[in-house]
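Below, each chain spelled out in residue letters.
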Amino acid sequence: YHPLSEPLTRSSLGSVGEIIKHALKIYSRAMYSNSETLKFITVMALFEYLGTGDKYTNFKKVRAKIQAHIATDIETYNNLSEQFQLFTSKKQEETNIGYRTRIIHEGALIEDLLPDKDSRVALFRDLTSYIEDIIRGMYPFIGQDLPALQEHRQNLLNNIGIQT
C-alpha cells in the first residue's frame, strides 16, 4: 500500500484510519514548530499516539507496538529499544539521560542535550524515518479497528522472536 492510494477522506476509515489521519496532523504540527525542543516533544507524543490511539499507555509498552513496524530482525529491535530509551527515560548510574525526561522534568532543551547541530539533524532524520515506517505499516489497516492492527503488530514481533 502507498499512502496516496487510499484517500483519508472516505467515510469508513475505521479507527486505524482515524488514528493515521490525526497522526498526520500531529506530525504537521511538529514540522511547523518553531523550536526544536517543541518538535521533539511533539514527535514523542506522536509515537505514543501511533502506538495506542487515544488511550494512555506506558511508553515501554508503546515502544514494542511501534518498533514492530520498524524492526526487521531482533538485532534491529534491540537497537531501537536502546534508542527509544535514550529518547525517553534512560538512566545511567541513577542519572536521567533520557531526552524527554530531561526536557519535561528538568527543563532542558534539546539544543542543550545535543549541542551539535548535525547531531540534531541526524536525530530528526531518524525520527522522521521511524514515523514514516510506522504510518506505512498501519496503512493497510485503514477501514479496520485497532485490534486487527494490534494483532498484526504482535505477529510482526513474534516473527522476529519477540514475545510481549
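See the structure above.
Since we're looking at a predicted model, the values are computed, not measured.

Calculation notes
Residues numbered from 1 in each chain as written. Predicted model: local features only at pLDDT ≥ 70, side-chain atom pairs only at ≥ 80, totals over all residues. Heavy atoms only, no water. Helix = DSSP H or I, 4+ residues; strand = E, 2+ residues; numbered from the N terminus. Rg over C-alpha atoms; globule rule 2.2 N^0.38 Å. Contact = heavy atoms within 4.5 Å. Phe/Tyr/Trp six-rings, centres within 6.5 Å; stacked < 30°, edge-to-face > 60°. Buried < 20%, exposed > 50% of the residue type's maximum accessible area, 1.4 Å probe, protein only. Core = buried A, V, L, I, M, F, W, Y, C linked by side-chain atoms within 4.5 Å. Expected span 1.5 Å × (residues − 1). Polar contact = N/O pair within 3.5 Å; in protein donor to acceptor, adjacent residues only side chain to side chain.

Engineer: Honestly, the overall build of the protein chain in this entry has me stumped. Any pointers?
Structural biologist: When helices and strands are tallied, the protein chain shows eight helices and two strands. Tracing the protein chain from N to C terminus, the helices and strands come up as α-α-α-α-β-β-α-α-α-α. Taking 164 residues into account, the globule formula puts the C-alpha radius of gyration at 15 Å, and the protein chain, at 16 Å, falls close to it. Once the C-alpha set of the protein chain is aligned to its principal axes, its extents read approximately 45 × 35 × 25 Å. When contacts within the protein chain are restricted to residue pairs at least 6 apart in sequence, long-range pairs at least 24 apart make up 60% of them.

Engineer: Is there a simple way to think about the packing of aromatic side chains in this case?
Structural biologist: Under the definition given, this model contains six aromatic pairs. Between Phe47 and Phe84 the ring centres are 5.2 Å apart and the planes differ by 85°, which places this aromatic pair in the edge-to-face class. Placement of Phe47 in helix 2 (residues 36–52) and of Phe84 in helix 4 (residues 74–87) is noted, with a sequence separation of 37 residues between them. The exposure class assigned to Phe47 is buried, which follows from its relative accessible area of 0%.

Engineer: Looking at this model, I keep getting lost on the environment of Thr76. Mind explaining?
Structural biologist: Here Thr76 shows up in helix 4. Residue classification places Thr76 among the partly exposed positions, given a relative accessible area of 27%. Placed 84 residues apart in sequence, Thr76 and Ile160 show a C-alpha to C-alpha distance of 9.8 Å.

Engineer: What am I meant to see in the nonpolar core here?
Structural biologist: Grouped burial of nonpolar side chains is what soluble globular proteins tend to show. Phe40, Phe47, Leu50, Phe84, Phe87 and Leu127 are the most contacted members of the largest nonpolar core, which has 48 residues in total. Only helix 1 (14–32), helix 2, helix 3 (59–67), helix 4, helix 5 (99–106), helix 6 (110–113), helix 7 (117–138) and helix 8 (146–159) provide two or more residues apiece to this core. For this core, the leading source of residues is helix 7, giving eight residues. Discounting residues that sit within four places of it in the chain, Phe47 has contacts with Phe59, Val62, Ile66, Phe84, Leu127, Tyr130, Ile131 and Ile134.

Engineer: I keep staring at the side chain of Thr101 and nothing clicks. Help me out?
Structural biologist: With respect to the helices, strands and loops of the structure, Thr101 is situated in helix 5. Under the relative-accessibility criterion, Thr101 is labelled buried at 14%. Sequence-distant contacts of Thr101, defined by excluding residues within four places in its chain, comprise Thr88, Ser89, Asn96 and Glu106.

Engineer: Could you clarify how one ought to interpret helix 2 in this entry?
Structural biologist: At 3.6 residues per turn, the α-helix brings residues three or four places apart onto the same side. Between its first and last C-alpha atoms helix 2 spans 25 Å; for 17 residues at 1.5 Å apiece the expected length is 24 Å, and the two agree. The buried fraction of helix 2 is high, at 12 of 17 residues. Residues of helix 2 that are buried: Glu36, Thr37, Phe40, Thr42, Val43, Met44, Leu46, Phe47, Tyr49, Leu50, Gly51 and Thr52. Where helix 2 begins, the side chain of Ser35 points an oxygen toward the backbone nitrogen of Thr37, at a separation of 3.2 Å.

Don't take any of this as a statement about function, it's just geometry.
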